[in-house]
Amino acid sequence: MHVVVIGAGVVGVTTAWALQKRGHQVTVIERQSGAGQETSRGNAGQRSYGVVYPWASSAMVRKALPWLLEKDGPLKMRLPPSLDTLRFLLATLRYAYAPGTFGLNKRTMLRLGIQSQRCFKELENELTLDFDGDHAGLLHLASTPATLAEYRDTAVLLNEMGIEHQLLSPEEVREVEPGMQGNGPLYGALRYSTDGTGDCHLFSRALAKACADQGVEFRYNTSVRHLLADYRRVHAIELDSADGKQETLAADAVVLSAGCWSPELAKPLGMRLPIYPVKGFSLTAPLVDPSRAPVSTVHDDNFKVVSTRLGDRLRATGFVELADFDRSIPESRLATIRKSVASRFPGAADLSAATAWTGFRPMTPDGPPIIGKGTRDNLFLNTGHGTFGWTLSAGSAELIAQLIDGEQLSMDLDGFRPGRFSE
């Protein structure tokens, strides 16, 4: 079967790998010049299988206004907000206060996280990929007693789900992360001891090469104009290349993994995908004293900034900004990220030599990604992973491959179904 995957971010590339392993002929269409060039390029570097959670949370909503008003608050919004932003926020409020929805969605996402962890380990055992990857764990710091109490409540769910974790004292935190010698407040931490790290951009490029070595065709600098379909099936994809040439590519099946650009391709086929481009920022700096750097990934709850060691570099990521597709990088955002690093890992990295990045996480208003069959028999969606695309990519790729091959699914897809936003 010839399967066309639209999008060569980490989700699209892992999907291509899963499909070619099953013997399918795979073509990947990507508007950028290479794999992992958009959302996958500068993300947090964490594969946080035990930390995945829905965006739509009543607790988050209660914190939102104070965060917007705080100078270093992790949530920002362009004023006045656009109609798209307002629609997204209203939908988020509806899901956040729908009885039982948060708990169900969190469990669903955690199950996918557990599956993704297994898939990543299988993939890494099969291939030798150079992407500064590891599975040395993740720390969620507690800067207040109240946060530590929240972690104790979280541990109850983690026990229920069978997710390995430990609650640590401040002394135990520094045993696990001896380089954390800053003066930031610390009352303990929740440790997810088997979670992973890695440079998502390097991984996407390395896996794309492995795919190409197995016969997957990558069509870079190529945009999708339309999906050509009748009422039952998608028959072909109309393409535009960078040199202005147009082409029609036939397909037996199509997987839409275009992140924030998925809605415009799905809309003509009667699918409403309310994916919003939630903006984030990162700094990637060379290490100057590895002994003072994080061993793995550390989430600083004080600034809501994640610091991760990626080989001889430190990646620090933060902020949720609602500004549509604005790619500007305000200095104030980078200053907050630097404050967080200095408060936890002073002297670890040369932040003056850091490379800044901003990108758009494809967020659904309820939180879970969109995984399943679309409005045509041979159209499949694997998109809308929000801040957890790197984490969930391997697991969701396996599910899509199982769905295309008509196999029994390894987990229920009800919480991810594409049509849930029209109900």
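Keep in mind the model is a prediction, meaning the values are calculated, not measured.

### Section: the overall build of the protein chain
Thinking step 1. Scanning the protein chain for helices and strands turns up ten helices and 20 strands.
Thinking step 2. In summary, the protein chain has a C-alpha radius of gyration of 21 Å against a globular reference of 22 Å for 423 residues, a match within 12%.
Thinking step 3. Oriented by its inertia axes, the alpha-carbon framework of the protein chain measures out at about 60 × 45 × 40 Å.
Thinking step 4. Each of the 423 residues in the protein chain was classed as buried or not, and the buried ones make up 59%.
Thinking step 5. Taking the contacts inside the protein chain whose residues are at least 6 apart along the sequence as the reference set, 76% of them involve residues at least 24 apart.
Thinking step 6. In the form shown here, the protein chain has an accessible surface area of approximately 17100 Å², with 51% of it arising from carbon and sulfur atoms.
Thinking step 7. Across the protein chain, the centroid of the 45 positively charged side chains sits 4 Å from that of the 47 negatively charged ones.

### Section: helix 1 (residues 10–21)
Thinking step 1. Between its first and last C-alpha atoms helix 1 spans 17 Å; for twelve residues at 1.5 Å apiece the expected length is 16 Å, and the two agree.
Thinking step 2. With eleven of its twelve residues buried, helix 1 lies for the most part within the structure.
Thinking step 3. The complete set of buried residues in helix 1 reads Val10, Val11, Gly12, Val13, Thr14, Thr15, Ala16, Trp17, Ala18, Leu19 and Gln20.
Thinking step 4. Directly after helix 1, the chain includes Gly23, whose backbone phi takes a positive value near 95°.

### Points about helix 2 (residues 58–69)
Thinking step 1. Every buried residue of helix 2 is listed here: Met60, Ala64 and Trp67. Considered in projection along helix 2, the buried side chains sweep an arc of 90° and stay on one side of the axis. Exposed positions of helix 2 whose direction lies more than 90 degrees from the buried face are Arg62, Leu65 and Leu69.
Thinking step 2. Summarising the contacts, the buried residues of helix 2 are in contact with strand 4 (75–77) and helix 3 (83–96).
Thinking step 3. At the N-terminal end of helix 2, a side-chain oxygen is found 3.2 Å from the backbone nitrogen of Ala59, two or three residues along, and the residue is Ser57.

### Observations regarding the environment of Tyr53
Thinking step 1. Note on placement: Tyr53 falls in the loop between strand 3 (46–47) and helix 2.
Thinking step 2. Look at Tyr53 and you get partly exposed, because its relative accessible area is 41%.
Thinking step 3. Separated by 53 residues in the primary sequence, Tyr53 and Lys106 have C-alpha atoms spaced 4.9 Å apart.
Thinking step 4. In this structure, Tyr53 is in contact with Lys106, Met109 and Phe388, ignoring residues within four places of it in sequence.

Reading the values: rules and limits
Residues numbered from 1 in each chain as written. Predicted model: local features only at pLDDT ≥ 70, side-chain atom pairs only at ≥ 80, totals over all residues. Heavy atoms only, no water. Helix = DSSP H or I, 4+ residues; strand = E, 2+ residues; numbered from the N terminus. Rg over C-alpha atoms; globule rule 2.2 N^0.38 Å. Buried < 20%, exposed > 50% of the residue type's maximum accessible area, 1.4 Å probe, protein only. Contact = heavy atoms within 4.5 Å. Areas by Shrake-Rupley, 256 points an atom, 1.4 Å probe, with all protein chains shown as cover. Lys, Arg positive; Asp, Glu negative; His and termini not counted. Charge placed at Lys NZ, Arg CZ, Asp CG, Glu CD. Expected span 1.5 Å × (residues − 1). Arc of directions from axis to C-beta. Polar contact = N/O pair within 3.5 Å; in protein donor to acceptor, adjacent residues only side chain to side chain.

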